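Report on the structure
Given next are the chains, with one letter for each unit.
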Amino acid sequence: MTTTTTYIAFLRAVNVGGRTVKMERLRALFAELGLGGVRSYIQSGNVFFTTDEPDRTALTGRIEEHLEQALGYPVPVLLRTVDEVAALLAAEPFRDVEVTPDVRLVVAFLSEPLPAGFALPYRSPKGDVEVIGADPGAAYAVIHLQDGKWVTKDMFGKAYRGVATSRFLHTTEKILAAARKA
């Protein structure tokens, strides 16, 4: 018996830095791989699909290779199931954070866990990024805007060698809601 899984693909560096791809094209690229029910949410590279592929690592590699061949540049892909994202949000990682106009809550999806020696909470040298927690697949950061801007883009410093892609908490909640729609 095969099990069909609904995944959310969080793509890194889509529609930023001059690398533009329309969501219609992105959905078509996923469909070309035989993935089912392909949909997307907003322009930042969030794609939902179903598959009975049991090997997430192999699936990720297949998607990344196909996107790079079609688009001409690497697109790191972080796959999470709908249930994994729901559990992440249900854990309320930001429940003790006071939100002010200069605070943004960010979920960073990780390709691999933070290093064992990565001390939490971690504060960036400029003081604008505070990583308050992590699990093997995500880190939770509080961004303290400076003059209305998110200054430090490398939220883990040089300690993290994996790939991460970030979404604001409210966007992650909307992505999950959209992925759950039939």
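Everything discussed here concerns the structure shown above.
Attention here is on the structure that accompanies the text. (Residues numbered from 1 in each chain as written. Predicted model: local features only at pLDDT ≥ 70, side-chain atom pairs only at ≥ 80, totals over all residues. Heavy atoms only, no water.)

1. Digging into the overall build of the protein chain
Helix and strand counts for the protein chain come out as four helices and nine strands. Considering only contacts within the protein chain whose residues lie at least 6 apart along the sequence, 66% involve residues at least 24 apart. Positive and negative side-chain charges of the protein chain, numbering 21 and 21 respectively, have mean locations separated by a distance of 6 Å. (Helix = DSSP H or I, 4+ residues; strand = E, 2+ residues; numbered from the N terminus. Contact = heavy atoms within 4.5 Å. Lys, Arg positive; Asp, Glu negative; His and termini not counted. Charge placed at Lys NZ, Arg CZ, Asp CG, Glu CD.)

2. Let's talk about the packing of aromatic side chains
As enumerated under the stated definition, the model contains eight aromatic pairs in all. Relative to Phe156, the ring of Phe118 has its centre 6.0 Å away and its plane inclined at 75 degrees; by these criteria the two rings are edge-to-face. Highlighted residues: Phe118 in the loop between strand 5 (103-110) and strand 6 (122-123) and Phe156 in the loop between strand 8 (138-144) and strand 9 (164-168), separated in sequence by 38 residues. Both residues of the pair, Phe118 and Phe156, count as buried. One aromatic cluster in this structure is built from Phe118, Tyr122, Phe156 and Tyr160. (Phe/Tyr/Trp six-rings, centres within 6.5 Å; stacked < 30°, edge-to-face > 60°. Buried < 20%, exposed > 50% of the residue type's maximum accessible area, 1.4 Å probe, protein only.)

3. Things to note about the nonpolar core
Looking at soluble globular proteins, one finds that nonpolar side chains tend to be buried together. Ranked by size, the top nonpolar core spans 22 residues in total, and within it Ile8, Phe10, Leu88, Phe94 and Val107 carry the most contacts. Where this core is concerned, the elements lending two or more residues are strand 1 (5-11), helix 3 (82-90), strand 5, strand 8 and helix 4 (169-180). What Leu88 contacts, discounting residues up to four positions off in sequence, is Pro93, Val107, Phe109, Ala138 and Tyr140. Phe30, Val38, Phe49 and Val77 belong to the second-largest nonpolar core, a separate cluster that totals 21 residues. (Core = buried A, V, L, I, M, F, W, Y, C linked by side-chain atoms within 4.5 Å.)

4. Let's talk about the pairing of strand 1
The buried fraction of strand 1 amounts to five of the seven residues, a majority that puts the element mostly inside the structure. Judged from the six bridges that link them, strand 1 and strand 3 (residues 46-51) form a sheet pairing that is antiparallel. Bridging across to strand 3, Ala9 finds its partner in Val47. Note that strand 1 and strand 4 (residues 77-81) share five bridges and pair antiparallel. Its bridge partner lying in strand 4, Phe10 is registered against Leu78. (Pairing = 2+ DSSP bridges.)

5. What about the side chain of Asp128?
Tracing the chain through its elements places Asp128 in the loop between strand 6 and strand 7 (129-135). Not counting residues up to four positions away in its chain, the partners in contact with Asp128 are Val142, Ile143, His144, Gln146, Trp150, Val151 and Thr152.

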